[in-house]
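# Structural features, examined
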Amino acid sequence: MDSLCKNILKKINSGIIIFDEELLISHWNEWLEQYTGILKDQVIGKNVKEIIPAFKKNYYLQLFQKAFKMGQSMFCSGGLHPVFVYPANTMEGSIIKQNLQIDAIFMGKQKYILIQIFDTTNQFKRVETLKMEIANRKDVEQLLFAKKEQFKTTLLSVGDGVISTDKRGHVQIINRVAEELTGWTRAEAVGKPIETVFNAINEFTRKKCDYSFNALVSSDYSTDTIDTIDSVILISRNNTEIMIEDSVSPIRDRLGHINGMVLVFRDVTEKKQRQDEIKYLSLHDQLTGLYNRRFFEEELKRLDTRRNWPLTIILGDINGLKLINDSFGHGMGDELIKKSVEAIKNGCREDEIICRIGGDEFIILLPKTDASKAEKIVSRIQNIASQKKVGNLNVSISFGIDTKIDETDSMKAVIKKADEQMYHHKLFESPDMRSKTVNAIIKNLYIKDQREEEHSKGVAKLCQNIGAVLGLPENKIDELKTAGLLHDIGKIAIDETIFNKPGKLTEDEWKEIIRHSEIGYRILSTVKELSDIAEYVLDHHEKWNGEGYPKGLKGEEIPFESRILNIADAYNAMISDRSYRNALSKKEALEEIRKNAGIQFDPNLVNAFVETIVFMATAK
Amino acid sequence: MLNLQQEDALKEYMNMFIGQASSLLSEIVDKKIILTLPQIMLLNLEQPEDLLRYSEVRPTLFNSHVVSSIIEFGKRFSGNARLLFPKDKAQVLAHLCLGEDYEAVDDGELTDVDFDVIREIGNVILNSVLGGIGNLLDLKLEYTFPKVQVCFFPEEEEAILFNKETHVMVICNTFSFEDTQLDGAIVMVFNMSSTIELIKKIDEVLVDIDG
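Residues numbered from 1 in each chain as written. Chains lettered and ligands numbered in written order. Predicted model: local features only at pLDDT ≥ 70, side-chain atom pairs only at ≥ 80, totals over all residues. Heavy atoms only, no water.

The name recorded for chain B in an unreviewed UniProt entry is Chemotaxis protein CheC, from Acetobacterium paludosum.

Chain A appears in an unreviewed UniProt entry as Diguanylate cyclase from Acetobacterium paludosum.

Following this line, the structure appears as structure tokens:
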């Protein structure tokens, strides 16, 4: 029996120490011999205190005493207690954990304590590793979470709308901009199919764009990001239409399978508007809204095909635009252009291509139209134009027409022919227009300043009489009279407040005033018959001593007629009231003229002028 | 089944035993651990009024998953005693005792080491309580090593409380660590004769004190 017990003790897979009340060790099993390398013979009979680790020795001793006294069984966890017996060859610092089970054995008066030692190092290590793994996993999770948050925050705060979906195409993330654009809040959108939240149609076809996940997967996308067609309109939840630009990217897993998608889009309404504006401006004339020269050239290339022959071109040119610009200012010039364009537009069919190719030039492109039809259009336009007025001037446009019938005609030649024809018409139509314009200008000038009418007529009369006194031929006298009437025509372009300003003029105002002779020249020189008079008007403020304007001519360099005009103008001015002074008497005025003979005035003419005044006085 | 005086006396004893356990635990884990007993009751669950009382003061942890260390003891004074903690708190307790950062390893499952630690805590506390009762009754108790189990208490409640041993002592206890507090309970089930003996002993003590 005893040997049986001993054999059993041998087989037990844990350390067994038995000691008595004296704490003397009576049993040390084989497992312990192997474990500690301490042989049974080395410990039997020794006090257990010698093997108990110094640390917490008292704690163990208390336990033993308690066990002897009360018969209590105790359990000591390796997690909480230091090593009880050291294994052989223990490396310093290595972790050893042992659970202890302490049993009191009472046999009659004999009391023993049995300590069973379980090595739980492996178990502990396993747990430790587990804990470390868990801790690592937690760290990684935390890192991932932080990264995820970072991405999420980035995603949510970018300036473009961002929607991402899961595998089924259901919305997972929607950022603030996307919320605003789609009209769906995050709470409402998440989990809904992307097509519901992102309702987009093609700008032109008005068909719904397929943003479903299947569409993405079924497309053969070799690249990672797909910029979809640029004409997409997003219909927001409240049915507002927003022009957008968008791109779709698949989200792939490690194996490259598509796991979801990201849709990035932005509001391009303004950009599109700007683009459209730029496109419009690049092809249109800003003033009239007609197509411009660039468009015309492109369009001509496009239309110059067999299908469009006969291709007729109408070339139009506004008459008198320069004259009006010079005399009435560019505002009125623009008005003339607009009125002309109205006439052209009204005369044409809706879909005709009308281009403004120069300041006053227009071209009408008429595909599949022959010359006779074009002539009808022209006469229609001219008819409408003749009823339109700018100020009290009729709108007048000269036209030229030519047609490309087949490939033997070059487009260049056709345009040239039309141009020639137009100029031919202009020769007849324009002078008429110009003299009408000059009349209109004079009329306007008189309306603007009534005193001017008296002055002009007075000067004309004086000129006429000087001519008579000098014995000039009849046609010269007529010319002088006309020059007198027209000499201040340039004043039409000058601000009347400067003329009527009481007191001294500033330098700028004076510069403005002296422009009137130049402007007068420009206006009058447009009318062929008045081109000589234009010269006289230009120089009528030159002085004999060379101190006049605009050229500073001297003595006989000044045209004879201008010298006459100069005296007449000065005299008439002196005997009239001016804003800055009262009228002089005729006598005083004459005296003034005499004084300035050889300074401002031609001294020879001064005598003739004095005679003229005397003659005029006696004639009355 | 105990009058107020008897209950007070029992509570006083238990406080003493538990106090020893807490100083032992403090020594083991090198941390100050204070154990207090807010509530103690000895019940005969066959008695309707005791059943009523039990249902009134039943600790909330009895509605959760618990970890229990069980010791059985025998001979004249026989029965079993178990120390119960809510499962999640048991882990906190184990980690605090091991001096580890609890948050970092919260995976909800108890490891072998956790079980060992809880076994020892149960061992220390139950030994103190049972040893104390043994001393009180002048009895040498023989008992087993604690077994540690995890169970959902309501499922086991009937098997634990309503068996052949009709008397139940329920001790609610609170562990206070540095800044953590957790509730546990000790449930001792023993037979009629043991109960009578215990009450007799308490009465003797009371007579001694009161004269």
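### Remarks on the interface of chain A and chain B
Here is the rule we go by: Throughout, a contact is declared for two residues whenever any of their heavy atoms are within 4.5 Å. A quick way to say it: buried area is the sum, across both parts, of accessible area lost when two parts are put together, with a 1.4 Å probe. Within this document, salt bridges are pairs made up of a side-chain nitrogen of Lys or Arg and a carboxyl oxygen of Asp or Glu, the two lying within 4 Å of each other. Polar contact is defined as a pair of N or O atoms within 3.5 Å, subject to the rule that within protein one atom must be able to donate a hydrogen and the other to accept it, and that residues adjacent in sequence are counted only when both atoms are side-chain atoms. By the criteria applied, helices consist of DSSP H or I runs no shorter than four residues and strands consist of E runs no shorter than two, each listed in order from the N terminus. Amino acids are sorted into nonpolar (Ala, Val, Leu, Ile, Met, Phe, Trp, Tyr, Cys and Pro), charged (Asp, Glu, Lys and Arg) and polar (every other residue, Gly among them).
Each side of the interface is counted separately: chain A has 32 residues, and chain B has 30 residues. For the pairing of chain A and chain B, the buried interface totals around 2,700 Å² over both sides, and the portion due to carbon and sulfur atoms is 59%. Taken as a group, A:Phe75, A:Leu80 and A:Lys131 account for 24% of the area that chain A buries against chain B, more than any other trio of residues on that side. Between chain A and chain B we count 0 salt bridges in total. Taken together, chain A and chain B are joined by 3 residue pairs in polar contact (both at pLDDT 80 or more). Of all the secondary structure elements, the ones that give two or more residues to the side of chain A that touches chain B are helix 4 (57-70), strand 3 (74-76), strand 4 (98-107) and helix 5 (121-157) of chain A. Its residues assigned to classes, the side of chain A that touches chain B shows 14 nonpolar, 11 polar and 7 charged.

### Focus: the sheet that holds strand 3 of chain A
Condition: Should DSSP find at least two bridges between two strands, the strands are taken to pair. Fitted lines through C-alpha atoms give the axes, limited to the stretch in contact for helices. The angle between two N-to-C directions lies from 0 to 180 degrees.
With respect to topology, 5 strands assemble into an open sheet ordered 2-1-5-4-3 (chain A), the strand pairing being antiparallel. The open sheet is flanked by strand 2 (25-28) and strand 3 of chain A, the only strands paired with a single partner. Each adjacent strand pair in this sheet contributes to an overall mean axis angle of 15°, direction not counted. For strand 1 (residues 15-20) of chain A and strand 5 (residues 110-119) of chain A, the ladder comprises 6 bridges, and the chain directions are antiparallel. Residue pairing in the sheet places A:Asp20 in a bridge with A:Tyr112 of strand 5 of chain A. Its contacts with the sheet put helix 4 (residues 112-137) of chain B on strand 3 and strand 4 of chain A, and the angle it makes with strand 3 of chain A is roughly 145°.

### Some remarks on unusual backbone geometry
Residue and element names in this part refer to chain A. Of the consecutive residues Trp309 and Pro310, the connecting peptide bond is found in the cis state with omega at -5°. Assignment of secondary structure puts Pro310 in the loop between helix 11 (293-303) and strand 13 (311-318). A positive phi angle, close to 50°, is found at Lys368, a residue other than glycine.

### Focus on the domain arrangement of chain A
The test is simple: Note that domain bounds follow an automatic or database assignment of domains.
Segmentation of chain A into domains returns domain 1 (2-119), domain 2 (158-274), domain 3 (286-386 + 401-416) and domain 4 (449-619). Computed over C-alpha atoms, the centres of domain 1 of chain A and domain 4 of chain A are 143 Å apart.

### Section: the packing of aromatic side chains
Quick reminder of the rule: Only Phe, Tyr and Trp rings take part, Trp by its six-membered ring, and two of them pair if their centres are within 6.5 Å. Stacked means planes under 30 degrees apart, edge-to-face means over 60, and tilted covers everything else. By definition, being over a ring means that NZ of Lys or CZ of Arg is both within 6 Å of the ring centre and within 35 degrees of the ring normal.
Tallied over the entire structure, the rule returns 11 aromatic pairs over all chains. Residues A:Tyr60 and A:Phe84 carry aromatic rings whose centres are separated by 5.2 Å and whose planes lie at 75° to one another, so their mutual orientation is edge-to-face. With A:Tyr60 in helix 4 and A:Phe84 in the loop between strand 3 and strand 4, this pair connects stretches of sequence that are 24 residues apart. Members of the aromatic cluster, each reached through a chain of ring pairs, are A:Phe19, A:Phe64 and A:Phe68. The side chain of A:Arg237 reaches across the aromatic face of A:Trp184, ending 3.9 Å from its centre. Lying over the aromatic face of A:Phe75, B:Arg119 brings its terminal NZ or CZ to 4.9 Å of the ring centre.

### A closer look at the pairing of strand 2 (residues 65-73) of chain B
Residues and elements named next belong to chain B. For clarity, the cut-off: Each residue is assigned to one of three classes by its accessible area relative to the maximum for its type, calculated with a 1.4 Å probe on protein chains only: buried under 20%, partly exposed between the two thresholds, exposed over 50%.
Buried residues dominate strand 2, accounting for 7 of its 9 residues. Two strands pair when backbone bridges link them, and strand 2 and strand 3 (residues 79-86) are joined in this way by 8 bridges, in the antiparallel orientation. From the neighbouring strand, Val67 faces strand 3, where its bridge partner is Phe85. A loop of 5 residues connects strand 2 with strand 3, the two strands running antiparallel in sequence, and Lys75 in this loop sits at a positive phi of about 65°.

### A word on the packing of helix 21 (residues 560-574) of chain A against helix 23 (residues 603-619) of chain A
Describing two packed helices takes the angle between their axes plus the distance from one axis to the other. Residue and element names in this part refer to chain A. Let me state the cut-off plainly: For classification purposes, angles smaller than 35 degrees are called roughly parallel, those larger than 145 roughly antiparallel, those between 65 and 115 roughly perpendicular, and all remaining angles oblique. Left-handed describes a crossing in which the near helix is turned anticlockwise from the far one by less than a right angle; the clockwise case is right-handed.
Axis separation between helix 21 and helix 23 bottoms out at 11 Å; the angle between their running directions is 50°. Relative to helix 23, helix 21 is oriented oblique. Two packed elements cross with a definite hand, and for helix 21 against helix 23 that hand is right-handed. Counting all contacts with helix 21, which are made through Phe560, Arg563, Ile564, Ile567, Ala568 and Tyr571, the residues of helix 23 involved are Leu605, Val606, Phe609 and Ile613. In terms of residue class, the contact of helix 21 with helix 23 is made up of 9 nonpolar, no polar and 1 charged.

### Here's the deal with the sheet that holds strand 14 (residues 353-356) of chain A
All names here are of chain A. The strand order across the open sheet built from 4 strands is 14-15-13-18, with neighbouring strands paired in antiparallel fashion. Of all strands in the sheet, those with a lone pairing partner are strand 14 and strand 18 (397-404), marking the two edges. The sheet shows a mean angle of 20° between the axes of neighbouring strands, taken without regard to direction. Pairing between strand 13 and strand 15 (residues 361-366): 6 bridges, direction antiparallel. Bridge pairing in strand 15 links Gly316 to Phe362.

### Comments concerning the nonpolar core
One broad rule of soluble globular proteins: the nonpolar side chains tend to lie buried together. Rules: What makes a nonpolar core is a set of buried Ala, Val, Leu, Ile, Met, Phe, Trp, Tyr and Cys residues whose side-chain atoms join them at distances within 4.5 Å.
Counting 94 residues, the largest nonpolar core has A:Phe64, A:Phe84, B:Ile125, B:Met169 and B:Phe175 as the members making the most contacts within it. Of all hydrophobic cores here, the second largest spans 75 residues; its members include A:Val378, A:Ile381, A:Ile441 and A:Val606.

### Considerations on the pattern of salt bridges
Where charged atoms from two side chains of opposite charge approach closely, those side chains can pair. Residue and element names in this part refer to chain A. Here the structure, examined in full by the defined rule, presents 31 salt bridges over all chains. Here Glu452 and Lys491 are joined by a salt bridge, their closest N and O atoms 3.6 Å apart. Here Glu452 is found in helix 16 (residues 450-469), whereas its partner Lys491 is found in the loop between helix 17 (474-486) and helix 18 (496-499), with 39 residues between them in sequence. When sorted by exposure, Glu452 lands in the same class as Lys491, which is buried. The residue Lys491 makes a salt bridge to Asp488 at a minimum N-O spacing of 3.1 Å. Both residues of the pair, Lys491 and Asp488, belong to the buried class. Each of Asp160, Glu245, Arg266 and Lys271 takes part in salt bridges that share partners, so that together they form one network.

### With respect to the side chain of A:Ser456
Residue and element names in this part refer to chain A. Of note, Ser456 is situated in helix 16. Classification of Ser456 as buried rests on a relative accessible area of 1%. Ignoring sequence-local partners within four residues, the contact set of Ser456 consists of Tyr446, Gly484, Leu485 and His487.

### Focus: helix 14 (residues 371-386) of chain A
All names here are of chain A. We count it as follows: Expected helix span is taken as 1.5 Å per residue step, with the number of steps being one fewer than the number of residues. The arc in question is the one spanned by the directions pointing from the helix axis to the C-beta atoms.
For helix 14, spanning 16 residues, the distance from its first C-alpha to its last is 22 Å, which sits close to the expected 22 Å at 1.5 Å a residue. Burial in helix 14 covers these residues: Ala374, Ile377, Val378, Ile381 and Ala385. Buried residues in helix 14, looked at end-on, bunch into an arc of 100°, giving them a common side.

### As for the packing of helix 16 of chain A against helix 21 of chain A
Residues and elements named next belong to chain A. Where helix 16 contacts helix 21, the two axes come as close as 9 Å, and the packing angle between them is 130°. Considering the angle they form, helix 16 stands oblique to helix 21. Crossing geometry of helix 16 relative to helix 21 is assigned as right-handed. When helix 16 is examined against helix 21, the residues His455, Gly458, Val459, Leu462, Cys463 and Ile466 are found in contact with a partner set consisting of Ile564, Leu565, Ala568, Asp569, Tyr571, Asn572 and Ala573. Classifying every residue of the contact of helix 16 with helix 21 gives 9 nonpolar, 3 polar and 1 charged.

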